[in-house]
Amino acid sequence: MNKYLVSALSVVALFAFHACSTEDLVEPSASNTQSEPTEMSGEVIVKFDPAVSDLLDERGLAQTRSDAAATRSGIYSVDEVLDMLGECQLERVFPVDALHEEQTRQAGLHLWYVVRFSDKYSVEEVVDRLSTLGEVQTATPNRTIKRAYRTDRKPIPFPKELLNAPATRAEGENGYVYNDQLLKWEWHMINRGYQDHFTIDAEEDAEVAKAKFQIGADVHCEKAWERTTGDPSIIVAVLDEGIYFRHPDLQYNMWENEGETYGSHKDNDGNGYVGDYYGYDFINNTGIISCDKSADTGHGTHVAGVIAARNNNGIGITSIAGGTEENPGVKIMSCQIFSGDVSSNTVSLARAIKYAADNGAVILQCSWGYTSGTANGYENTPGFATQEEWETNCPLEKASLDYFVHNAGSPNGPIEGGIPVFASGNEYAPSAGFPGAADYCVSVNAIAADYTISTFSNYGPGSNISAPGGDQDYYFDYVNVADDNQNPAYTAARGAVGCVLSTLPPQVSDQTEYGYMEGTSMACPHVSGVAALGLSYAVKLRKHFTAAEFRKLLVESVTPIDDYQTGNKKYYHYVSDMGKNYPKIIQLSQYVGKTGGLVNADKLLAAIEGEEAGTAVTFPNIYLGIGAENAVKEDPARYFVNGESLSYTLKIDNTSVATGEIKEGKAVFTGLKEGVTTASIEANGTVQKFNITVRKTANGNGWL
């Protein structure tokens, strides 16, 4: 049940077996064949030329949404085509968010529109007609994006009998740092090697089986937690199924939009999305986050738990960057791009990516992507072969990712720009799928608990790094037991203990709300979590990185794993059909130099601490309008090491332009008239200088 999402190009890709198997047996189909159109019927995405931007604004199209879409553009040549289509609608892809409209326009994202029309004309015909117009830069189909895993195959719930066992304590066996009940089962967090609770079937050779758990084949969080356990200012956007935000291990680490009310029917904060309190459902166009449809698998909730479940609370699992009650961890934003059996699409995806950047996320957690261009044609239709091919065919996706990479974060925070993290894919293919394979993304391969590449994982060009993703077929001979006497009160699906254990919604794990999944999309959140932990440490050190700098540190501060890729690896891919008489075998040597190192939180934090890494953050330049209603607050503690314990003195050189004061630990600025003035803030003998710019809004349109 590899978890990987794919966009349909000509047909939906199937799960693949590895092309280098030593078996000659003709294998049965993976039995999850699906088909869907390349594009959504009656929808075309258009990017207009910047020269017609004023015409679009005059028409009022910048304010349109799906509930009040326009029918014509005000551009003569374009409207001729729209007249031909008859009944049609024209909607701006990205709704107006007054706070971010200026940078939206600088990025050219205000020029993207969706044209919706009847099925009287084909998508190809409309694309062809619009593409010939000088006022149109590009016209492409709005493609459907669909899960490539079977939604009738749910996660494997963690046994209730084992959940009721005594919690692991710091002073107990193996000296775990946190008291979370299920930590000892999370080899991907802290791998102590083979433990008695990883019980082996009598048919398996015990010594061979025990070697499948190797000490240290994990993300190396224990020592990293001595430096930081996470920081709530770091937000990770999870683009996936909706997250079960009421989960006891997640509820305190969900991002909350303070300007909104959950379930509200009004856009209270004016960002173009109604009721987006925990995030937004971009499929159903609602702020209500859901994960209870019959076709939902709990995938988004599982991913979120790996990154930021609450630690040391005596229940459930341990996460990478979830922090504790005393030291809260990073926040999770739910950007829902899948819901039940409804397919997603390019427009919804692009909106989710931009929304994440505009609302404070600095890491984009994406356990989805297109099929690898080197996937074999037996069970997988190959996807894009090169970055140029993907960018040409998916220009709106590229534009939205460019926006995230360049506009997330802050020049005065821990990172300027954002880090998109993708799963490399589960096609057993020798290259990663796009968009993750693009050079400004991080693409993640999966490993098992003995450092070997997971049998299903993609690898090679386009992939950057590896992380624990599980390998159920490889661990087929392991079962769960209820007590130390190995009397099985409950036997979970074979091999589950070799997968990734995390949080789940009650409808897929109603007795425990925890369970197992596997795939490169389970490896992916381990890298997102480590990246979030690293940025949390940068916050603590008051250090700043560009996205490119931090991405380089992340993929280079790793545990080498090439030495473990030796010999053959046996697994049971079709055991339900053929039993154990026909195992699959892969040669591990083919992966040497092609998997990246294993993500390592301890090494990353040590690298961030290095004298030459990053630069010191400084107090930001302030931009504000005139009047008390446009006052701006800034927290000076964010820009001085140990700033929470310091006292501050604020000086503004021209108080006819703006005034400022320190109030309840915050610097509060009020604009008096248009102009610019220099200013400074001092604490503990350190002075930081900055500028204050006061200006009016432009043309009454709501953006500065």
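Scroll up a little and you will see the structure.
Keep in mind that what you see is a predicted model, and the values were worked out from it rather than measured.

## Let's talk about the overall build of the protein chain
Part 1: Scanning the protein chain from N- to C-terminus turns up 14 helices and 33 strands.
Part 2: Counting every position in the protein chain, which comprises 704 residues, the buried fraction comes to 60%.
Part 3: Accessible area for the protein chain stands at about 26,400 Å²; split by element, carbon and sulfur atoms hold 46% of it.

## Points about helix α14 (residues 601-609)
Part 1: Considered for burial, the residues of α14 that qualify are Ala-601, Asp-602, Leu-604, Leu-605 and Ile-608. Projected down its long axis, α14 carries its buried residues within an arc of 165°, all on one side.
Part 2: Where α14 is buried, its residues meet α11 (520-541), β21 (543-546), α12 (547-556) and β25 (598-599).
Part 3: The distance from a side-chain oxygen at the start of α14 to the backbone nitrogen of Asp-602 is 3.1 Å, and the residue carrying that oxygen is Asn-600.

## Considerations on the sheet that holds β21
Part 1: Strands sit in the order β14-β21-β26 across an open sheet of three strands; the sheet is mixed. Two strands in the sheet have a free side with no partner beyond their single neighbour: β14 (415-416) and β26 (615-616).
Part 2: Bridge count for β14 against β21 is two bridges, and the pairing is parallel. For Ile-415, the partnering residue across the bridge sits in β21 and is Phe-545.
Part 3: Sitting on the sheet, α12 touches β14 and β21, and the angle it makes with β21 is about 95°.

## Topic: the nonpolar core
Part 1: Phe-158, Trp-185, Ile-320, Ile-332, Tyr-516, Val-527 and Phe-550 are the most contacted members of the largest nonpolar core, which has 99 residues in total.
Part 2: In terms of residue count, α11 provides more of this core than any other element does, twelve residues in total.
Part 3: Look past the residues within four positions of Val-527 in its chain and what remains in contact with it is Val-421, Val-442, Val-444, Ile-465, Ala-467, Leu-554 and Val-599.

## Digging into unusual backbone geometry
Part 1: In this structure, the amide linkage connecting Phe-434 to the following residue, Pro-435, adopts the cis form with an omega of 5°.
Part 2: In this structure, Pro-435 sits in the loop between β15 (419-423) and β16 (442-447).
Part 3: In this model, Glu-513 sits at a positive phi of 65°, which is unusual for a non-glycine residue.
Part 4: For Glu-513, the position within the fold is in the loop between β19 (500-503) and β20 (514-517).
Part 5: According to the relative accessible area criterion, Glu-513 is buried, its value standing at 18%.

## So, the packing of aromatic side chains
Part 1: Here the structure, examined in full by the defined rule, presents 30 aromatic pairs.
Part 2: Members of the aromatic cluster, joined through ring pairs, are Trp-255, Tyr-273, Tyr-280, Phe-282 and Tyr-355.
Part 3: Looking at Lys-212, its charged tip hangs above the ring of Tyr-474, at a distance of 4.5 Å from the centre.
Part 4: For Arg-494, the ring lying beneath its charged end belongs to Phe-476, and the centroid distance is 5.0 Å.

## Overview of the packing of α11 against α14
Part 1: In the contact formed by α11 and α14, the axes pass within 9 Å of each other and the chain directions differ by 30°. The angle between the axes of α11 and α14 places the two elements in the roughly parallel class. Note on packing geometry: the crossing formed by α11 with α14 is right-handed. For the pair α11 and α14, contact is made by Val-530, Ala-531, Leu-533, Gly-534, Tyr-537, Ala-538 and Leu-541 and by Ala-601, Leu-604, Leu-605, Ile-608 and Glu-609, respectively.
Part 2: Among the residues forming the contact of α11 with α14, the class breakdown is ten nonpolar, one polar and one charged.

## Here's the deal with the packing of helix α8 (residues 346-358) against helix α10 (residues 395-407)
Part 1: Axis separation between α8 and α10 bottoms out at 9 Å; the angle between their running directions is 5°. Regarding the angle of α8 to α10, the classification is roughly parallel. In contact with Thr-346, Val-347, Leu-349, Ala-350, Ile-353, Lys-354, Ala-356, Ala-357 and Asp-358 of α8, α10 contributes Leu-396, Glu-397, Ser-400, Leu-401, Tyr-403 and Phe-404.
Part 2: For the contact of α8 with α10, the residue count by class is ten nonpolar, two polar and three charged.

Analysis parameters
- All chains use their own residue numbering, which begins from 1 and follows the written sequence.
- Local features in this predicted model are restricted to residues of pLDDT 70 or higher, and side-chain atom pairs are both shown and tallied only at a pLDDT of 80 or more, whereas totals for entire chains, interfaces and linings draw on every residue.
- With hydrogens and water set aside, each side-chain value is computed from the structure's full complement of heavy atoms.
- Going along the chain from the N terminus, every DSSP run of H or I of four or more residues is numbered as a helix, and every run of E of two or more is numbered as a strand.
- Relative accessible area decides the class of each residue, using a 1.4 Å probe on protein chains only: under 20% of the type maximum gives buried, over 50% gives exposed, and in between gives partly exposed.
- Residue exposure ignores everything except the shown protein chains as possible cover, and the areas themselves are Shrake-Rupley values with a 1.4 Å probe.
- This arc is built from the directions going out from the helix axis to the C-beta atoms.
- Whether two residues are in contact is decided by their heavy atoms: any pair within 4.5 Å suffices.
- For the purposes of these results, a polar contact is taken to be a pair of N or O atoms within 3.5 Å, where, inside protein, one atom must be able to donate a hydrogen and its partner to accept one; residues adjacent in sequence count only when each atom of the pair is a side-chain atom.
- When DSSP locates at least two bridges between a pair of strands, those strands are taken to pair.
- Under this scheme, a helix contributes an axis fitted over its contacting stretch, all axes are lines through C-alpha atoms, and angles between N-to-C directions fall in the 0 to 180 degree range.
- What is meant by a nonpolar core is a set of buried Ala, Val, Leu, Ile, Met, Phe, Trp, Tyr and Cys residues, joined one to another through side-chain atoms within 4.5 Å.
- Between rings of Phe, Tyr and Trp, where Trp is taken as its six-membered ring, a pair exists when centres lie within 6.5 Å; planes separated by under 30 degrees are stacked, by over 60 edge-to-face, and by other angles tilted.
- Charge over a ring is defined by NZ of Lys or CZ of Arg lying within 6 Å of the ring centre and within 35 degrees of the ring normal.
- Here is the rule for angles: anything less than 35 degrees is roughly parallel, anything more than 145 is roughly antiparallel, 65 through 115 is roughly perpendicular, and the remaining ranges are oblique.
- Take the far helix as your reference; a near helix turned counterclockwise from it by less than a right angle gives a left-handed crossing, and one turned clockwise gives a right-handed crossing.
- Here the nonpolar group is Ala, Val, Leu, Ile, Met, Phe, Trp, Tyr, Cys and Pro; Asp, Glu, Lys and Arg are the charged ones; every other residue, Gly included, is treated as polar.

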